Each structure stands twice: as structure tokens, then as C-alpha cells.
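Close look at the chain arrangement
Listed below are the residues making up each chain.
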Amino acid sequence: MKLVRRITSAVPGRVASAVFSPMPVGRDRALGLSERLAAATSLTSSLEYLTQRHEMGKGGMNDWEIAKDSIAHAHPLLRRLVDIASGTRTTTALHVTRAAVASAMLLPGKSGWRGAGSLFLGATSALLGPRQHYGSDGADQVATLVQLATGGARLVPSPAAKDALLWYVALQSNLSYLISGWVKLLGPDWRDGSALPGVMRTHTYGHEGMHAWIRNNPRAAKLLAHSVLALECLFPLAYLKDGKLTRPVLASAAAFHLANGYFMGLGRFATAFPAMHPLVAYTSTPRTHPAVAGRDDRALPAALTMLAGATAAAAVTAVQRRIRTTEGWRTSRVLTTRHGNRLQYEEMSVGDAGRPVFVLAAGLLSTSEHYAWISERLSYETTYGVIAYARAGYAGSRRGATTAYRLSESVDDLVDLVNGAVAPHRKVILVGHSIGGELARRAVHHLGDRVHGVVYLDSSHPDQFNRSAQQRVSGAGLGGTFASMSRALRLGTGALLTRPWWIKELPAAYHDKVFAQYADARMWYAARREWKALQEDFKAYPGRLDPIEGVPGLVISAQRTVDRDPEQLLMHRELAEAHRRAPSETVVIEGAGHDTLLINSRLANQVTDRVLAFFQGVDERSRAPRSTRSVTLAKEAAR
């Protein structure tokens, strides 16, 4: 009996010692485990693409004629290399070769040839990345990181260089979990537990059985969501107390990725992210342990020093960009609306006192600077007045409203801007791009006879989510994108952003300011707020546009928008038809996209030409004899 008691009392201690202890893995073993797990990811990836070759054909998810737009502004040499690799036969040959090499990498051994194999898999994965833009969900990128580092570690002769490469992957692993967790923590969806059921009910990543379990066990589901947050936010704890928490941390992370693979259909996650774990185990083991004797840890203090310097530089950059974003231009003015919002606007041209004033309303995640080509031409080449403004939350405009945001708030702001910034005797021409077009349409009913006309530039339609499957699909992930970007930027990651290609399309004087706005967390937060309200408003839309009597309307569509979604062209025609007893017209700008309609100089000039020609016709009609005008209006009403 005494022996049984001793054994029984010793069991908990042995279990605790086994669980809470370092996970000693030598350099060669860590390299072998990581490269095999990464190779398994590459093998799965290539086999998936080979069995789904139809997606590479015309109209498929990875149709190269469409996907190549993603590298249109890359270096010419890179574009050439990727284009060569993206031919259907070349892509197929590369995936067959990758599958063979990855299979060989799964075999035992530690020859230098394994380093060449890892480098080949990593390099070809990076080369094929633009070609296989959809389907990897980040797994291929993680495998590429591991393969390039482990391949280099196999080939370099210096043990210190090997350890530096292994530390690099381990630190990247910690950083990926840490940033993912803290970005989630900043959003209310993960804190209140609603994010998990939201993901599980989606068509792309959802799981019917798991969603049913979450619905029936809300407390347990909330605990599970908080456990994921804790795992990601506290992942670096694996390095505390000489690595005593390494085993539970890595076991929890591996279980998390296995669950992702099963429930969310992200099979490659089960091997891609755990490919970094052996290197975490290697670097978290105390240097006094025989398994890691001689390990060179100089990479860690060097990385921490660089991180401290980068953090300071990021803070300075964020302050500079915030100042640049909010300070406006020499022409900037501020107006406070009935909701307490302070709108920053630019009176770019006063124009002749007897001429109308163009008031330019931007789209979602856009500011007045996106109108640069159009606004500058209207200002310098015509006698119209020109006013451009940023909605509350964008650029230098601040939201002071304390009530929940609704689209009507932005409509009221636009009305107040017209009444406060434009002389009472002057009429206005409202120009709205995307959501700005819908705000302008609604503002007409409040401004009455002050409106000389409305221009819709690839405008939103309040029934678009009910009538267009393409709009529902393309808009499904926007809210999440806006939320994740605003959270990431709030963490100070704006310094890591590269300047998007489209900014270079704008006039040179606008580049720095627009990039500063793009890197501003406030703008992404405002876009998320507007997008959520827009979805709620549009989904409840009754189905018929209110008629706009006696106000001319010009509807300009981007060809790529209507080609991708013919229903959009029908809705744009409805916008024009809503303008009763007044001239109306619909125009499609060839080659234009939703945003390039504004930011590309050639296309923006075509838009401006159309706008000026339309209102020249309106003015000529107003000067025509009354009898002629009556006949013209009768024809337009009949049409």
C-alpha cells in the first residue's frame, strides 16, 4: 500500500514535469522537422492546383489574363519572369516538379541537397504566388518563409549563420501570432465572442456542425474564442522560465491549426504554421541543455534593438503622417454641421457669381484628393465654382456626432455644407462617386431648387445588394478588411505600408498627402462605420427610387464595372430615369474601372469632357425659346 501511495503521489508531479518543461530539439532535428512540414505544405498545394487546373482557364478563379493586373505596376523584369511562369503549360510543369521535389524532401537525410530543394520550393512558390492568387490563405507564404530560411541554413557553412536564420523564422513565428492576436483584441467581435459564430456560418470558411454547436453552447463558444485570443497574444510566453511553457504553447498552437484545417477547410494550415514550431522549440530551449550546446543567440538582442529603433521610427512616421493628413491645403476651410461634425473642405475655385458651383462628394475610403484631375481642370479651365470636401472621419474632417451613425448623417452634412459654404443665390451641381453618388441623390430632396444638376460617377444604387449577386459577394469581406486595417494601423504598422500603385496615377503634388491618408487608422475606421451603415440601409431598401423632378441627371459608368456586373448598368439607367421632366443621360467610359474613372488622368479627362458637354447642353436648353423647350421636355418625359 505504501508503494502504491508513493507512485500515486508522484504521478501529478511527473505529469507536470513532462508538460511544463523545455522541448529540447537540436539544430539538425529542428531543421529536418521544419523543412519536412513545409515540404508537405508545398506538396499539398501543388497537388491541389494540379487537380483544379480548370481554375487557371478563361473565367476561372486564377485566370491569368485577370490575375496579371495584380503585378501591373511591378518591376518590368519581375513582370516578365512571372508572366513566363504563368503560362498554363509552364505552371503545370512547375507544379509537377514541385510535387516531386516536395515528396523527396519528406524522405530521411540531411544532405546539402535538401537545402537546394527547400530553396527551389520557396523560390517557385514566390514566383507562382501572383498566378495562384486565390486559394493559399497565407499558408504558401508561411511555407515559403520557412523554406528560404531552412534552405539557406542547410547551405551556409557557419553555425552562427545557421542559427541566425533559424532565429529569424522563430521570431517571425512569434510576431505573426502576436500581431494576429492583438489586432483581434482591438476589435469588439473577438472580445464579445461574436467573431467565431460569424466565421462558422459563412459559405467560404464555415462549418455547419461547428456552427450548430456554437449556437447551442454560447458560453463554451465564447470561452473558445477567448482561448484563441490568449494563445495568440501570449505566444511569446514559450520563452519564459527557460522554456517551461514551450510544450503547452506549441501543443495549443498545433491543435488550433489542425482545427482550422478541419473546420474551415484550410488544410494547408495544419502543416504550414507548425513548420515554424520546431525552430521555436530549438530557440526556446536553455543554452545549458546539451541538445542546443553552442547555439548562437546574438540574433535575439540584435532583433530586439532593431525592433526598438523601428518602433521609435514608426511612432515618428505616424505623427508626421497624421499632421499631413489633418492639416489640409492653403484653400482648406472648416464648417460645423448640425450633427457637430467638423467638415474640412477646399474652395478650389470661386468662379463667376452667376455660375453654379460643383460640389464633389467622394466615395468610400476616399477623400477630395481623389478628384484631383477633375477638380483642377474644372477650377483652371472653366468659370464654375468648385468645392471638394472630406466626410466626417476622413482627412481633416472630424466626427463630433454622439449618436449611432446612419447614412442620413452624411446626407445632412452635405446639405449643411452646401447651405453654409455656397452663397445663397448660387446653384450647385452635386457630383458623387460610388457612395457619394447616393448621398448626392438623397441630398437633392433637401436642397430643392438650389440644385442645378447631379452627376453620378459609377454610383452606388440602394438596391444593389438585393439585385446583384456580384455586389453581395464582392462586398462580403470589405467590412472585415476595413476593421483589420484600422486595428493594424492603430498598432503603429503604418510605417510598414508600401505606397499603392494607384497613388502614382494622381498628380504628383497629391502623392504624399494621399498616402498619409491611406495610412491613417481613422480613415479605415470611418470607412468601416460607413460600410456597416450602408449595408443595413441598402438591405432594407423598398425597391423604387424616389423621382427627382426638374433636375438634370448625368450617370457615368465604368466599363469594367458594368462588364463584370450587367445588373449594375440597369441600376445606373434607373438613376437617370429617376430624373423627371429634365435632361438625363447615361454614359459608359471605355476601359475605366471603378476607381480609375477618377484617378487616371486620361479617363478623368474623358469624364470631365462628358460633364461639361452635358451641362453646356442643359444651359443651351434653358436659353432656348419656351415652345422649343416644351417640346424637348415632352420628348424626354416620353423617353
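Structure first, text after, so check above.
Throughout what follows, the structure given in this document is the object of discussion.

Evaluation of the coordinates by the stated rule reveals 27 salt bridges. In this structure, the salt-bridge partner of Arg268 is Glu48, at a minimum N-O distance of 2.6 Å. Of the two residues, Arg268 is situated in the loop between helix H13 (246-263) and helix H14 (269-272) and Glu48 in helix H2 (residues 27-51); the sequence distance between them amounts to 220 residues. Among the residues examined, Arg268 registers a relative accessible area of 5% and is labelled buried. When the shortest N-O distance is used, the salt bridge between Glu438 and Arg442 registers 2.6 Å.

Ordered in space as S1-S2-S4-S3-S5-S6-S8-S10, the 8 strands form an open sheet in which the pairing is mixed. Here the strands that pair on one side only, and so sit at the sheet edges, are strand S1 (332-336) and strand S10 (584-589). Across the sheet, the axes of successive neighbouring strands diverge by a mean angle of 20°, strand direction being ignored. Running at roughly 150° to strand S5 (residues 428-433), helix H19 (residues 435-447) makes contact with strand S3 (357-361), S5 and strand S6 (451-457) of the sheet. Of the strands in this sheet, S6, strand S8 (553-558) and S10 are in contact with helix H26 (residues 566-577), which crosses S10 at around 150°.

Further remarks concern the environment of Asp619. Among the structural elements, Asp619 can be located in helix H28 (residues 601-623). C-alpha of Asp619 to C-alpha of His452: the two residues are 167 residues apart in sequence and 9.9 Å apart in space. Sequence-distant contacts of Asp619, defined by excluding residues within four places in its chain, comprise Arg355, Tyr384 and His452. Side-chain polar atoms of Asp619 contact the side chain of His452, separated by 3.3 Å.

This part takes up the environment of Phe273. Relative to the assigned elements, Phe273 resides in the loop between H14 and helix H15 (277-284). Along the sequence, Phe273 and Phe256 sit 17 residues apart, while their C-alpha atoms lie 10 Å from each other. Apart from the residues lying within four places of it in its own chain, the contact partners of Phe273 are Val142, Tyr177 and His257.

Turning to the nonpolar core, a few remarks are in order. Residues Leu430, Leu457 and Ile556 are the most contacted members of the largest nonpolar core, which totals 92 residues. Here this core takes 9 residues from helix H24 (residues 521-539), the largest share from any one element. The residues touching Leu457, leaving out its near neighbours within four places in the chain, are Tyr371, Ile374, Val431, Gly432, His433, Ser434, Ile556, Leu597, Leu598 and Val607. Grouped together as the second largest cluster of nonpolar side chains are 42 residues, Val25, Ala30, Val146 and Ala253 included.

Two elements in contact, helix H8 (residues 159-186) and helix H16 (residues 299-326), have axes separated by 10 Å at closest approach and are oriented at 50°. Regarding the angle of H8 to H16, the classification is oblique. Helix-helix and strand crossings are classified by hand; for H8 and H16 the assignment is right-handed. Counted together, Ala164, Trp167 and Leu171 of H8 and Ala299, Leu300 and Ala303 of H16 form the full contact between these two elements. For the contact of H8 with H16, the residue count by class is 6 nonpolar, no polar and no charged.

Conventions we followed
Residues numbered from 1 in each chain as written. Predicted model: local features only at pLDDT ≥ 70, side-chain atom pairs only at ≥ 80, totals over all residues. Heavy atoms only, no water. Salt bridge = Lys/Arg side-chain N within 4 Å of Asp/Glu carboxyl O. Helix = DSSP H or I, 4+ residues; strand = E, 2+ residues; numbered from the N terminus. Buried < 20%, exposed > 50% of the residue type's maximum accessible area, 1.4 Å probe, protein only. Pairing = 2+ DSSP bridges. Axes fitted to C-alpha atoms, helices over the stretch in contact; angles between N-to-C directions. Contact = heavy atoms within 4.5 Å. Polar contact = N/O pair within 3.5 Å; in protein donor to acceptor, adjacent residues only side chain to side chain. Core = buried A, V, L, I, M, F, W, Y, C linked by side-chain atoms within 4.5 Å. Parallel < 35°, antiparallel > 145°, perpendicular 65-115°, else oblique. Left-handed = near helix turned anticlockwise from the far one by under 90°. Nonpolar A, V, L, I, M, F, W, Y, C, P; charged D, E, K, R; others polar.

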